[in-house]
Amino acid sequence: HQVKEPYRTGYHFQPPKNWINDPNGPLIYKGIYHLFYQYNPKGAVWGNIVWAHSTSTDLVNWTPHDAAIYPSQPSDINGCWSGSATILPGGKPVILYTGINPQNQQVQNLAYPKNLSDPYLREWTKVPQNPLMAPTQANQINASSFRDPTTAWLGPDKRWRVIIGSKRDQTGFAILYRSKDFLNWVKAKHPLHSAKKTGMWECPDFYPVSIKGQNGLHTSENGPDVKHVLKASLDNTKREYYTIGTYNIHKDIYIPDKGSVESDAGLRYDYGKFYASKTFFDSSKNRRILWGWINESSSVEDDIKKGWSGIQAIPRKIWLDKSGKQLVQWPVAEIEKLREKGVKLPSSVLKGGSVHEVLGVTAAQADVAITFEISDFKKAEVLDPSWTDPQLLCSQKNASVKGGLGPFGLLVLASKGLKEYTAVFYRIFKGHNNKYVVLLCSDQSRSSLNQDNDKTTYGAFLKVDPLHEKLSLRSLIDHSVVESFAGQGKACITARVYPTLAIDVDAHLYAFNYGTDDVKITGSAWSLKTAEIN
Ligand code: FRU
């Protein structure tokens, strides 16, 4: 049977049509969540950028509003680019965003709600002083690399701080500005942080995390139980890296912990497609929430044909892992209210070389959570010390390459007969000094018979010791997107896929084990209802 829009999602955020990119200025005001985002009102490719706007009471169902911020004054006449919201003491939200001026320079502007009694914050007023920050001869800022202000934070000296992404040559950095009144901003002599050879830092984010548990912190919070996170989206590779470190607010110095770097060896929120992300503090539930843009992996021609491009990831709660060495992410609990029919997978042994269909759920729109248990580690392959790039390792040892322990995992958006499938799986290797190394892969190479898509395989090492912990995997499947959370949220991989056969009711879901050793599986799967989105 024919499906009209096979790739439109059922519960991911997207507008009815056209291009979207970065999430902007997420906030909660009077109990209502706001999401703004980069949007082209005129087509399915990037351009004519305005801040589109939707609101929600549950982060699941969304109501669209008119564009909140659009070109209207010289300081943003050529585009309203990314930015962030700050909730001022007393509860009033303001937005700092990048405008493109008539000379196509990147400058920073301020807008505030026209009417604070409107919980939907539908109209925004720009201050006449705009732009508040601009490149000049004196400040040496590169006018085409000066964008994406963060949420501002307040110091004990009553001055606000904000950072803005930039680069000089190939050194990426976060320019720091300070202000007493949010209107007059003075550039600090030194950037908050920089890193060589990383190129332009887009959409920086800087926020505190608690070393005690999962609660989020207000962006201005600091103290002995607090560490800080600095994230940059690297324009060169379209990858995001974050570091965890210590922020000295008196000296305005951020020092990443040892081993924490913004490069291949560094940490990523998501090892698949996930970019230009931004967090905000949800004061109603004391949690920090991460929003990220998931771009298409299809051709521009296909995007134009289908009339849209880009979705937002399911918002994720984000907190510091017990180790203090990485962050942990989990889809906000609200998404679980979309669960309807569930099936429990009876605890069973998945024999080496076997495939087991998960029946009873709508496999094209589902939430699956599986746990794998290994009892015998003898057959684990030995990890070659040169295998340091998990993405490369996953593409060389793809889902069809038999191993000792693994590959085992899920075949999602799979066609009957497995002409098409996306494989999300684990492989366990034996590293040095008897430590086991867990590799997580998302293999898109067989995801579609259409050859025009980017089918890059993604991979990540997972910091879990399989000797002492069970390996869990949760995947949110939604027609053309698969978001996978491994090890209770310690590693995430998001992929876009465009099956030609495994569409709607013709999509299937399997658990598989192509290793030689057996693994025990338990778990559940749910069909997810379609959310009311825009
Ligand atoms: C990131 C980005 C930002 C910029 C915006 C423009 O995807 O390039 O740096 O502000 O998108 O739409």
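Because the structure is a prediction, the values reported are computed rather than measured.

A. Region of interest: the environment of Y436. Considering the arrangement of structural elements, one finds Y436 in strand 31 (residues 436–443). Look at Y436 and you get buried, because its relative accessible area is 16%. The spatial distance from the C-alpha of Y436 to the C-alpha of F377 is 8.9 Å, given a sequence separation of 59 residues. Apart from residues no more than four positions distant in its own chain, Y436 is found in contact with F377, A380, I428, F429, K430, G431, P466 and L467.

B. Fine view of the domain arrangement of the protein chain. Annotation of the protein chain at the domain level lists domain 1 (20–331) and domain 2 (340–528). Counting from both sides, the interface comprises 25 residues of domain 1 and, opposite them, 23 residues of domain 2. Between domain 1 and domain 2 lies a buried interface of about 2,100 Å² when both sides are counted; carbon and sulfur atoms form 51% of it. Three residues stand out in domain 1 for area buried against domain 2, namely Y271, S297 and W330, and they jointly supply 30% of the buried area on that side. Put simply, domain 1 and domain 2 have 3 salt bridges between them. Between D454 and K273 there is a salt bridge whose closest N-O contact spans 3.8 Å. Ranked by residue count, the leading element in the side of domain 1 that touches domain 2 is strand 24 (residues 327–331), at 5 residues. In terms of residue class, the side of domain 1 that touches domain 2 is built from 11 nonpolar, 7 polar and 7 charged.

C. Just the sheet that holds strand 16 (residues 226–234), in detail. If you trace the 4 strands from one edge of the open sheet to the other, you get 15-16-17-18, paired in antiparallel fashion. Where the open sheet ends on each side, the last strands, each with one partner, are strand 15 (201–210) and strand 18 (253–256). Direction aside, neighbouring strands of the sheet carry axes that sit 35° apart on average. Alignment of strand 16 against strand 17 (residues 239–248), held across 7 bridges, turns out to be antiparallel. Its bridge partner being in strand 17, L234 is matched across the sheet by R239.

D. Main features of the site of the ligand. With respect to spatial proximity, the complete set of residues near the ligand consists of N21, D22, Q38, W46, W81, S82, R147, D148, E202, Y275, A276 and W293. At 3.0 Å from an oxygen atom of the ligand is found a side-chain nitrogen or oxygen belonging to N21. In this structure, an oxygen atom belonging to the ligand sits 2.8 Å away from a side-chain N or O atom of D22. Across the shell around the ligand, the residue classes tally to 5 nonpolar, 3 polar and 4 charged.

E. Local environment of the state of the cysteines. Taken as a whole and judged by the stated rule, the model has 1 disulfide. Paired by a disulfide, C394 and C441 hold their sulfur atoms 2.1 Å apart. Its torsion about the S-S bond being -80°, the disulfide of C394 and C441 is classed as left-handed. Here C394, found in helix 2 (residues 390–396), pairs with C441, found in strand 31; they are 47 residues apart in sequence, far enough to count as distant. Residues C394 and C441 agree in their burial class; the two are buried. C80 supplies the cysteine sulfur nearest to C203, a cysteine that is in no disulfide, at a spacing of 15 Å. The exposure class assigned to C203 is buried, which follows from its relative accessible area of 2%. Free cysteine: C492, not disulfide-bonded; nearest cysteine sulfur from C394 at 15 Å. We classify C492 as buried; its relative accessible area is 0%.

How each quantity is defined
Residues numbered from 1 in each chain as written. Predicted model: local features only at pLDDT ≥ 70, side-chain atom pairs only at ≥ 80, totals over all residues. Heavy atoms only, no water. Helix = DSSP H or I, 4+ residues; strand = E, 2+ residues; numbered from the N terminus. Buried < 20%, exposed > 50% of the residue type's maximum accessible area, 1.4 Å probe, protein only. Contact = heavy atoms within 4.5 Å. Domains from an automatic or database assignment. Buried area = accessible area lost by both parts, 1.4 Å probe. Salt bridge = Lys/Arg side-chain N within 4 Å of Asp/Glu carboxyl O. Nonpolar A, V, L, I, M, F, W, Y, C, P; charged D, E, K, R; others polar. Pairing = 2+ DSSP bridges. Axes fitted to C-alpha atoms, helices over the stretch in contact; angles between N-to-C directions. Near = heavy atom within 4 Å. Polar contact = N/O pair within 3.5 Å; in protein donor to acceptor, adjacent residues only side chain to side chain. Disulfide = S-S within 2.5 Å.

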